[in-house]
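The lines below spell out each chain.
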Amino acid sequence: MRMGIGLAALGRPAYINLGREGALPAERTVEAMRAATWEVLDAAYAAGVRWIDAARSYGRSEEFLAGWLDERGHTDVTVSSKWGYAYVGGWRTDAGVHEVKEHSLDRFRAQLAETRALLGDRLDVYQVHSLTAGSPLFGDAALLDALAELAAEGVRVGFSTSGPAQAETVRRALALEVAGRRLFTTVQSTWNVLESSAGDALAEAHDAGAHVIVKEGLANGRLAAEPPETVRRVAAGRGLTADTVALAAVLARPWADTVLSGAVSVQQIRTNLAAESIPLEPGELRDLSALAMSPDAYWQARAALPWN
């Protein structure tokens, strides 16, 4: 199965995804969100999902995942996580600031220790969170050496991207070498029918041997909760839900090695995973591709989404 699950909207009480209201517990206590996370993970695992993605900034996502793995005893799951953002939301939905970004050697070392304290040797992939082309990481030799040391220990080192210049970031990051060896072997980027600008760069990354992970295939829930007319039409014609169609469009990209679901309920994970068995027709893919926005417009709209 190429679908995985990301815990951005489950590991903390607030996130910018649409469609969370009514799908999450009425009171988002730590205990209630842990139970909701385990329920979704159980349903995903039973359906064949074997890739789970977390991050230090996703509240208690690593803690929830570690507890689930301990309780269930699963040893066949690929676990990816990310460092670079710290969660500062205080488990509040109305926090003024939810996460703070820092790409530094000190942050990497501190967060790697925190991740390992929870996940131990179950950490398979560790990614720089939301790398941009202007990140200080590119000029920080000590940080790059530390990342290379982690890779030498057997953990795949990668990065995620955000913003209108994703393609530039992907190409620049995958060109990084330490001691003559390519540093990053995974890349996680946003790609969906509204924001497809990184597609060529991700195809190049895949062809070069990097494992490509696609996040935000539903545009933070916009394609499921407020689908454009084209998505609604294709879904209605197939008797499907909008989220199934939108994720099927991502899975149609041969370079997309792992496509993450951001589901927060069992029902959502079921309709998300249905995309695995729905090959779209060329005409449908052509019509969906016409929905692409300019990257600047897309990311401005995303930045305006409220934490909920």
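Above: the structure in question.
Residues numbered from 1 in each chain as written. Predicted model: local features only at pLDDT ≥ 70, side-chain atom pairs only at ≥ 80, totals over all residues. Heavy atoms only, no water.

Draft legend 1. Inspection of a nonpolar patch on the surface at higher detail. Together, Val88, Val97 and Val100 make up an exposed nonpolar region whose accessible area comes to about 220 Å². Relative to the elements of secondary structure, Val100 occurs in strand S5 (residues 99–101). (Patch = residues over 30% accessible without salt bridge, like charges linked within 9 Å, V, L, I, M, F, W, Y side chains within 5 Å. Areas by Shrake-Rupley, 256 points an atom, 1.4 Å probe, with all protein chains shown as cover. Salt bridge = Lys/Arg side-chain N within 4 Å of Asp/Glu carboxyl O. Helix = DSSP H or I, 4+ residues; strand = E, 2+ residues; numbered from the N terminus.)

Draft legend 2. How the structure looks around unusual backbone geometry. Within the chain, Ala179 stands out as a residue other than glycine whose phi angle is a positive 55°. Residue Ala179 is classed as exposed on the basis of its relative accessible area, which comes to 79%. The phi angle at Glu216 is positive, at roughly 55°, despite the residue not being glycine. Along the chain, the position of Glu216 falls in the loop between strand S11 (211–215) and helix H7 (222–225). (Buried < 20%, exposed > 50% of the residue type's maximum accessible area, 1.4 Å probe, protein only.)

Draft legend 3. Fine view of the pattern of salt bridges. Applying the stated criterion across every chain, the model contains 18 salt bridges. For Arg116, the salt bridge goes to Glu153, with nearest N and O atoms at 2.7 Å. Separated by 37 residues along the polypeptide, Arg116 in helix H3 (residues 105–119) and Glu153 in the loop between helix H4 (141–152) and strand S7 (156–161) bring together distant segments of the chain. Here Arg116 falls in the partly exposed class, since its relative accessible area comes to 33%. For Glu153, a relative accessible area of 53% puts it in the exposed group. The shortest N-O distance in the salt bridge between Glu284 and Arg238 comes to 2.9 Å. With Glu284 in helix H11 (residues 282–289) and Arg238 in helix H8 (residues 229–238), this residue pair connects regions lying 46 residues apart in the sequence.

Draft legend 4. The pairing of S7, seen in detail. Burial within S7 is extensive, with five of its six residues counted as buried. Here strand S6 (residues 123–131) runs beside S7; their pairing, made up of five bridges, is parallel. Bridge pairing links Tyr126 to Val157 in S7. A crossover links S6 with its parallel partner S7, the connecting element being H4, and its sense is right-handed. By the bridge criterion, three bridges tie S7 to strand S10 (residues 186–190) in an arrangement that is parallel. For Ser160, the partnering residue across the bridge sits in S10 and is Gln188. (Pairing = 2+ DSSP bridges. Right-handed = clockwise from strand over helix to strand, strands pointing away.)

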